Amino acid sequence: MSSKQTDVKDLIERKYEHGFITDIETDTVPPGLDEDVIRLISRKKGEPQFMLDWRLKSFKHWQTMSKPNWAKLNIAPINYQDISYFSAPKRPEDGPQSLDEVDPKLLETYEKLGIPLHERARLAGVAVDAVFDSVSVTTTFKGKLAEAGVIFCPFSEAVINHPELIERYLGTVVPYRDNFFAALNSAVFSDGSFVYIPKGVRCPMELSTYFRINAANTGQFERTLIIADEGSHVSYLEGCTAPMRDENQLHAAVVELVAEQDAEIKYSTVQNWYPGDEEGRGGIYNFVTKRGDCRGDRSKVSWTQVEAGSAITWKYPSCILRGNGSIGEFYSVAVTNNLQQADTGTKMVHIGKNTKSTIISKGISAGRAQNTYRGLVKIFPTADNARNYTQCDSLLMGNQCGAHTFPYMEIKNPNAVVEHEATTSKIADDQLFYCQQRGLSEEDAVNMIVNGFCKEVFRELPMEFAVEAQALMNVSLEGAVG
Amino acid sequence: MLIKINNLHVSVNETEIIKGLNLTIGEGEVHAIMGPNGSGKSTLAQTLAGHPNYDVTAGTVEFAGQNLLDLAADERARAGIFLGFQYPVEISGVSNIYMLKAALNARRKAAGKPEIDAVEFMRFVKEKAALMKLDQKFLTRGVNEGFSGGEKKRNEIFQMAVLEPKFAILDETDSGLDIDALKVVANGVNQQRDDKCSVLLITHYQRLLDYIQPDFVHVLANGQIIRSGDKDLALELEANGYDEILAAAKA
Ligand SMILES: Nc1ncnc2c1ncn2[C@@H]1O[C@H](COP(=O)(O)OP(=O)(O)OP(=O)(O)O)[C@@H](O)[C@H]1O
Ligand SMILES: [Mg+2]
């Protein structure tokens, strides 16, 4: 509706009503967004001038944009002036002091997911003793990575220590003008991760292992940049199967991947933000822009995602297949229960010759949830012999949920080969009965059938996460049948 | 006595299909049930296995000293009831052995036993597969996914062999089998029988009974057992069809 758009614009243009006071000493900025806030964020982080300029440009552009309306989502209006765009990391004494103070339901979920004890406390926001045994582990990892020449650090650190890399690559995959949420993120992003893999280096470990120990509370406007230089290889895992608590409702992250010649990036996500209660109250809005640029010949970007959380998910990890012979892959499981909504999919843009892409999407809906696959396969005239294979499967549980598939294709080269397969199925009573007749409880039977449905995607995940992802599926669909 | 069915009445979608059925099966006995299409054979099988669509409106079923009708389908299975389906369903992406292992462990858990060791399980399963002359590639394929009609039936018997039930109901497991497969299936059933498993064989053909000698043969028509006898009754049916018996029952 156009009236809604003007509301947002009004709000954006309106000055913070109570007068904005810049107080460099405080750690949290009052809600509201204007140029002063952006200058303050940048100053607090000690950023170089180019970074501030870029943020300001992004902000100016964002003010001219309006929220996208094309997704099949029902989104309550967001008041961008109600959000506080900078807050220092929480002090330990603000959180619960021990697991005894944490919601028992949350602990029960951790238990079901098999989260190790020492991690449960951190996830629940309990102040964890600083000498807990991961410190030495972290140091070992750091040593190994440094030896290989890999840079892996918080984004804000990279801005200070490697400004030349940031300036060269930032916004080259997802320009700040790309979309409403990407522009907002570019203006106000808090932190995130930065990875650089030098030429010919195979990153000596899954970056997940390290990441899981360190990266709690990455914030609501996360920004990640991964650069794989020529002939290098890296596997990165974002997120965690455990439900993360976060008071910020809006999450608008940006992830940029650059794969140079013969480089390969494997990016796996397990997203389990709070989905809201059974009536959909209080869940996270997860509006993410993720894109991989296969810049060099024979480069490869592979996305694997398991989207289980959030009230609303709006997310299309994409691949720009620029290099000749480059490869893009997208493997996705999106599960929605209760009143969750997901509009997710991918874009595969074939520009180089002999480029190949594969899309495997599995959508599971239960309760009153809506699950949409939206994908674009675009083949440029230059992309001789491009190949795409797309498979979209939907699984419905119960009859109040919905599954929708929107596969778009733009094919401008006659010798492209594009295949598309789609299925929609229900967990049939007869399948359940068959499993139960063999002795499985109804719950175990549902879990088994769902996991079977997701198998092609789960097997793309790093081993330990595949197991966790299965457990996550089971917890997410609890009570969906029966 | 393992199972005792007394005056069983079953309705599906408000239509009465089983109308006062009585049947008692002893331990290690094999009973064959024959009868015209639509007479209620599969309905009886599904009802005993606990399918929720079948409403028991009257009667009792006692199984190994328990009231069977009080148990949910999965509880019945864990108590030792196995149904070889007339139409086994496909479950894609779930491997045959994965499901079997889950099923076996569910039973062990119910019996207070620990989960089966992975190596031991594989050895056990391979042994049973060999017995059923089931190629090992079927173990890792999705449950019945893309199996031929005969392969599905053979897979049912293989599952039975792995799960070692107390009471197996085999609903037309012989239909669609070639001669060699029929022998293999019969062999599997006879093996179970030696292990004191009771069997309810639903079949249309005398042929199966050449390989599995039943202790009793019953004729089910219009929701009731109208005649019972020994294995010669099957031969009589093969020769004369149901008309005579049906007419005699009406009279
Ligand atoms: N779900 C159902 N809804 C309606 N009618 C049903 C249902 N299931 C069974 N019936 C009816 O009940 C009757 C008995 O069916 P059942 O499958 O038990 O027969 P059967 O003896 O196994 O036959 P066949 O030899 O053909 O396998 C049939 O008339 C069938 O149409
Ligand atoms: Mg039948």
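Residues numbered from 1 in each chain as written. Chains lettered and ligands numbered in written order. Predicted model: local features only at pLDDT ≥ 70, side-chain atom pairs only at ≥ 80, totals over all residues. Heavy atoms only, no water.

### Some words on the overall build of chain A
Short version of the rule: Where helices and strands are cited, they refer to DSSP runs of H or I of at least four residues and of E of at least two residues respectively, numbered from the N terminus. Three labels apply to residues, based on accessible area from a 1.4 Å probe with only protein chains included: buried if under 20% of the type maximum, exposed if over 50%, partly exposed otherwise in between. What makes two residues a contact is simply this: any of their non-hydrogen atoms within 4.5 Å.
Helix and strand counts for chain A stand at 13 helices and 18 strands. Among the 482 residues that make up chain A, the fraction classed as buried is 55%. Long-range pairs, those at least 24 residues apart, make up 84% of the contacts in chain A between residues at least 6 apart in sequence.

### Notes on the site of ligand 1
Residue and element names in this part refer to chain B. Filter applied, for reference: Only heavy atoms are used to decide nearness, and a residue is near a molecule or strand if one of them lies within 4 Å of it. Between N or O atoms, a polar contact is any pair within 3.5 Å; within protein, one atom must be a potential hydrogen donor and the other a potential acceptor, and residues adjacent in sequence are included only when both atoms are from side chains. Computed by Shrake-Rupley with a 1.4 Å probe, the accessible areas treat only the displayed protein chains as cover when residues are assessed. Basically, the charged four are Asp, Glu, Lys and Arg, the nonpolar ten are Ala, Val, Leu, Ile, Met, Phe, Trp, Tyr, Cys and Pro, and anything else, Gly included, counts as polar.
In the neighbourhood of ligand 1, 15 residues make up the surrounding shell, with Gly38, Lys41, Ser42, Thr43 and His204 lying closest. In the model, an oxygen atom of ligand 1 is placed 2.8 Å from a nitrogen or oxygen of the Lys41 side chain. Here an oxygen atom of ligand 1 and a side-chain polar atom of Thr43 are 2.5 Å apart. Protein burial of ligand 1: of its 640 Å² of free accessible surface, 62% is covered by the chains. Ranked by residue count, the leading element in the shell around ligand 1 is helix H1 (residues 41-49), at 3 residues. In terms of residue class, the shell around ligand 1 is made up of 4 nonpolar, 9 polar and 2 charged.

### Digging into the nonpolar core
To keep it simple, the criterion reads: Residues grouped as a nonpolar core are buried Ala, Val, Leu, Ile, Met, Phe, Trp, Tyr and Cys residues, joined through side-chain atoms within 4.5 Å.
Ile364(A), Val450(A), Leu48(B) and Phe167(B) are the most contacted members of the largest nonpolar core, which totals 67 residues. The dominant element in this core, judged by the number of residues it contributes, is helix H12 (residues 442-458) of chain A, at 9 residues. The contact partners of Val450(A), leaving out residues within four places of it in the chain, are Ile364(A), Leu395(A), Met397(A), Ile427(A), Met473(A) and Leu477(A). In terms of nonpolar packing, the next biggest core, distinct from the first, is built from 57 residues, Leu56(A), Ile78(A), Ala158(A) and Val188(A) among them.

### Description of the sheet that holds strand E4 (residues 54-63) of chain B
Backbone hydrogen bonds are what pair the strands of a sheet, in a parallel or an antiparallel way. All names here are of chain B. For the record, the criterion: Here a strand pair is declared whenever DSSP counts at least two bridges between the two strands. Angles run from 0 to 180 degrees between N-to-C directions of axes, and those axes are lines fitted to C-alpha atoms, restricted for helices to the stretch in contact.
In spatial order, the strands read E2-E1-E4-E5; together these 4 strands make up an open sheet with antiparallel pairing. Strands at the two margins of the open sheet, each flanked by one partner only, are strand E2 (15-25) and strand E5 (66-67). Where strand E1 (residues 3-12) lies against E2, 8 bridges are found, and the strand directions are antiparallel. Its bridge partner being in E2, Val12 is matched across the sheet by Thr15. H1 contacts E1, E2 and E4 of the sheet and is inclined by roughly 110 degrees relative to E1.

### With respect to the interface of chain B and chain A
Rules: Simply put, the buried area is the total loss of 1.4 Å probe accessible area from both parts when two parts are fitted together. Any carboxyl oxygen of Asp or Glu that lies within 4 Å of a side-chain nitrogen of Lys or Arg is treated as forming a salt bridge with it.
With 32 residues of chain B at the interface, the matching set in chain A holds 18 residues. Carbon and sulfur atoms supply 64% of the area buried between chain B and chain A, which totals about 1900 Å² over both sides. Between the two partners, chain B and chain A, sit 1 salt bridge. At the boundary of chain B with chain A, the tally comes to 13 residue pairs in polar contact (both at pLDDT 80 or more). Considered class by class, the residues forming the side of chain B that touches chain A number 19 nonpolar, 8 polar and 5 charged.

### Some thoughts on the environment of Glu279(A)
Residue and element names in this part refer to chain A. Relative to the elements of secondary structure, Glu279 occurs in the loop between strand E7 (264-271) and strand E8 (285-294). Residues Glu279 and Met205 lie 74 residues apart in sequence; the distance between their C-alpha atoms is 41 Å. Setting aside its immediate chain neighbours within four residues, Glu279 contacts Leu339 and Arg368.

### A word on the environment of Ile212(B)
Residue and element names in this part refer to chain B. Locating Ile212 in the fold gives a position in the loop between helix H8 (206-211) and strand E11 (216-221). By relative accessible area, Ile212 is classed as buried at 0%. Separated by 19 residues in sequence, Ile212 and Lys231 have C-alpha atoms that sit 10.0 Å apart. In this structure, Ile212 is in contact with Val30, Ala186, Val189, Asn190, Arg193 and Leu201, ignoring residues within four places of it in sequence.

### Observations concerning the side chain of Arg223(A)
Counting through the fold element by element, Arg223(A) comes out in strand E3 (residues 223-228). Within the structure, Arg223(A) has its side chain in polar contact with the side chain of Glu256(A) (distance 2.9 Å).

### Describing empty space enclosed by the protein
Residue and element names in this part refer to chain A. The cut-off we apply is this: Only protein atoms enter the 1 Å grid used here, on which a cavity is any set of points holding a 1.4 Å probe that cannot leave and a pocket is any open set flanked by protein within 12 Å on both sides along at least five of seven lines; residues with an atom within 4 Å of a point are listed as lining. Grid points are joined across faces, edges and corners, and a volume is the space filled by probe spheres set on the points.
By the definition in use, this model includes 6 cavities of 30 Å³ or more. Taken as a whole, the second largest cavity encloses approximately 100 Å³ of empty space. Around the second largest cavity, the lining comprises 17 residues; the ones closest to its centre are Ser361, Gly363, Asn371, Thr372 and Tyr373. Every element with two or more residues in the lining of the second largest cavity is listed here: strand E12 (327-336), strand E14 (356-365), strand E15 (370-379), strand E16 (387-396) and strand E17 (402-411). When residues in the lining of the second largest cavity are grouped by element, the largest group, 5 residues, is from E14. Looking at side-chain class alone, the lining of the second largest cavity contains 5 nonpolar, 10 polar and 2 charged residues.

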